[in-house]
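Read off the chains here:
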Amino acid sequence: MFLDGREAIVEGVFRDVDDARHLAVILVDDPGADLHRWYGRHYYFAPDEVQVVLPPDGGAAPAGRPAR
């Protein structure tokens, strides 16, 4: 709820002990993003909780492109 609508970069995809997938993301506009990345601290979301942000030309987003 607090992060709704903010852009993030997916840093990894993980599975838990129940074989559920989780996306590890870091917020684009977070001033401490480099430290979070270095320490390996992320926000985790289920794949159906995020929305992919496409480039303005409507093409496929390359790797490392922000996701919402």
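Fair warning: this is a prediction, and the values are worked out from it, not measured in the lab.

Notes on the side chain of Asp30
- Within the secondary structure, Asp30 sits in the loop between strand E2 (21–27) and helix H1 (33–39).
- Buried charged residue Asp30 carries no salt bridge. Nearest counter-charge: Arg6, at 6.2 Å.
- At 3.2 Å, the side chain of Asp30 forms a polar contact with the side chain of His36.

A few points about the pairing of E2
- E2 sits mainly inside the fold: five of its seven residues count as buried.
- Note that strand E1 (residues 8–15) and E2 share seven bridges and pair antiparallel. Paired with Ala8 across the two strands is Leu27, which belongs to E2.
- If you look at the hairpin formed by E1 and E2, you'll find five residues sitting between the two strands, and Asp19 has a positive phi there, around 65°.
- As defined by bridge partners, E2 adjoins strand E3 (residues 43–45) across three bridges and the pair is classed as antiparallel. Bridge pairing in E3 places Leu23 opposite Phe45.

Remarks on the packing of aromatic side chains
- As enumerated under the stated definition, the model contains two aromatic pairs in all.
- Ring geometry for Phe14 and Tyr44: centres 6.2 Å apart, planes at 65°, overall edge-to-face. Placement of the pair is Phe14 in strand E1 and Tyr44 in strand E3, with a sequence separation of 30 residues.
- With centroids separated by 4.8 Å and ring planes inclined at 85°, the aromatic side chains of Trp38 and Tyr39 adopt a geometry described as edge-to-face. By the burial criterion, Trp38 is exposed, and Tyr39 matches it.

Criteria and thresholds
Residues numbered from 1 in each chain as written. Predicted model: local features only at pLDDT ≥ 70, side-chain atom pairs only at ≥ 80, totals over all residues. Heavy atoms only, no water. Helix = DSSP H or I, 4+ residues; strand = E, 2+ residues; numbered from the N terminus. Buried < 20%, exposed > 50% of the residue type's maximum accessible area, 1.4 Å probe, protein only. Lys, Arg positive; Asp, Glu negative; His and termini not counted. Salt bridge = Lys/Arg side-chain N within 4 Å of Asp/Glu carboxyl O. Polar contact = N/O pair within 3.5 Å; in protein donor to acceptor, adjacent residues only side chain to side chain. Pairing = 2+ DSSP bridges. Phe/Tyr/Trp six-rings, centres within 6.5 Å; stacked < 30°, edge-to-face > 60°.

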